[in-house]
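Residue-level listing of the chains:
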Amino acid sequence: MEEVRIDKYLWSIRVFKTRSEATVACNGGKVRLNGSDVKPSKAVKPGDVIVVRKGAVTYTYKVLALIDKRQGPKLVPEYVENQTPQSELDKLRAPVETFFLKRDRGTGRPTKKDRRQMDNLWESLEYSDDE
């Protein structure tokens, strides 16, 4: 095996659950190969560096060997080396800040005045985070 499509490779090493997800990610500009955006049909070779953006985290992988069949999780390290920096992995554990406004039950939808008050509160919170 000399080369494998990048979408098939990403599916094989379990980066994506389905090959269609890998194809959509490639078409959406979320996958880079050796620093440039790729189409799903781009061939991968040993030594290539793949960067995948999933959510807030950017994963980096180095291709060690080629594979076109999906592998079990224990076998994946034989084919790819995960070079994702720890700072990116820490984003997975970052607390998700949520903000809830308490409204009395049964009061219905917010009025225009209520909505303006909520918007002003959100703006004040955004400006306090920037400082």
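Residues numbered from 1 in each chain as written. Predicted model: local features only at pLDDT ≥ 70, side-chain atom pairs only at ≥ 80, totals over all residues. Heavy atoms only, no water.

Student: Lay out the nonpolar core with the relevant residues and their values.
Tutor: By size, the foremost hydrophobic cluster in this structure holds 25 residues, and its most contacted members are I6, Y9, L10, I13, V31, I50 and V52. Broken down by secondary-structure element, the contributors of at least two residues to this core are α1 (6–12), α2 (19–27), β2 (31–33), β5 (49–54) and β6 (57–63). Residue contributions to this core peak at 4 residues, all from β6. When near neighbours in sequence (up to four residues on either side) are disregarded, I50 contacts I6, Y9, L10, V31, R32, L33, V44, Y59, T60, Y61 and V63. (Core = buried A, V, L, I, M, F, W, Y, C linked by side-chain atoms within 4.5 Å. Buried < 20%, exposed > 50% of the residue type's maximum accessible area, 1.4 Å probe, protein only. Helix = DSSP H or I, 4+ residues; strand = E, 2+ residues; numbered from the N terminus. Contact = heavy atoms within 4.5 Å.)

Student: Which residues make up the pairing of β5, and what values go with them?
Tutor: Pairing between β2 and β5: 3 bridges, direction antiparallel. Directly across from L33, in β5, lies its bridge partner I50. Looking at chain direction, β5 and β6 are connected through 6 bridges and run antiparallel. Within the sheet, the bridge partner assigned to R53 lies in β6 and is T58. The hairpin formed by β5 and β6 contains 2 residues between the paired strands, and G55 there has a positive phi angle of roughly 70 degrees. (Pairing = 2+ DSSP bridges.)

Student: Describe α2, listing the residues and the values that go with them.
Tutor: Residues three or four positions apart in an α-helix share a direction because the helix packs 3.6 residues into each turn. Here α2 has its buried residues at A22, A25 and C26. Mapping the buried residues of α2 onto a view down its axis gives an arc of 100 degrees, with all of them on the same face. In α2, the exposed positions angled more than 90 degrees off the buried face are occupied by V24 and N27. Check the buried side of α2 and you find it contacts α1 and β2. Immediately beyond the C-terminal end of α2, within one or two residues, lies G29, with a positive phi of roughly 80 degrees. (Arc of directions from axis to C-beta.)

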